[in-house]
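Structure at a glance
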Amino acid sequence: MAIVELRNAEVTRIIEGYGVVVTESYKDKNGETRKAYFTVWTKERFDLGESLNVKGILSVRLNSYEKNGRMESNAEASINNPKIQRAELEF
């Protein structure tokens, strides 16, 4: 089991009754800003744009889909059993 901890992750989507999608921004080795997206499964309510600290069990699954006649795939990351705090607070 892998534990993940995100700091200052921004709420970018709300999944009513199930959780939120948060975005973590980071710099890659070339210095470009990249984003990682995580679905956080929780009954707690948060607002779009809110900054959160999240710690929980990481799960990743491969998703395949067809786009413009081609098969595409991506990894979907989820955080289960999360401990969530507003970003101004520390774990």
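The structure we're discussing is the one just above.
Counting restarts for each chain, with residues numbered from 1 along the sequence as it is written. Only residues with pLDDT of at least 70 get local features here, since the model is predicted, and only at 80 or more are side-chain atom pairs given and counted; chain-wide, interface and lining totals rely on the full set of residues. For side-chain calculations, the full set of non-hydrogen atoms in the structure is used, while hydrogens and water are omitted.

1. Brief notes about the side chain of T23
As a reminder of what qualifies: What counts as a helix is a DSSP run of H or I of at least four residues, what counts as a strand is a run of E of at least two, and both are numbered from the N terminus. The buried label goes to any residue with under 20% of its type's maximum accessible area, the exposed label to any with over 50%, and the partly exposed label to all in between, with areas taken from a 1.4 Å probe on protein chains only. Nitrogen and oxygen atoms within 3.5 Å of one another constitute a polar contact, given that in protein one can donate a hydrogen and the other can accept it, and given that sequence-neighbouring residues count only through two side-chain atoms. Any pair of residues with heavy atoms lying within 4.5 Å of one another is described as a contacting pair.
Mapping T23 onto the fold places it in strand β2 (residues 19-27). The buried category is assigned to T23, whose relative accessible area is 4%. Within the local environment of T23, its side chain forms a polar contact with the side chain of T12, the two groups lying 3.1 Å apart. The residues touching T23, leaving out its near neighbours within four places in the chain, are A9, E10, T12, K35, A36 and Y37.

2. Quick look at the pairing of strand β5 (residues 70-86)
The side chains of a regular strand alternate, first on one face of the sheet and then on the other. Where we set the bar: We treat two strands as partners when DSSP finds at least two bridges between them.
In this sheet, β5 lies alongside strand β3 (residues 33-41) in parallel orientation, the contact comprising 3 bridges. Paired with T39 across the strands is S78, a residue of β5. Here 15 bridges tie strand β4 (residues 51-67) to β5, and the two strands are oriented antiparallel to one another. If you follow V54 over to β5, its bridge partner there is I84. From the end of β4 to the start of β5, which pair antiparallel, there are 2 residues, and N68 there has a positive phi angle of about 55 degrees.

3. Some thoughts on the environment of N80
In this structure, N80 sits in strand β5. As for N80 and L62, which are separated by 18 residues in sequence, their C-alpha atoms are 17 Å apart.

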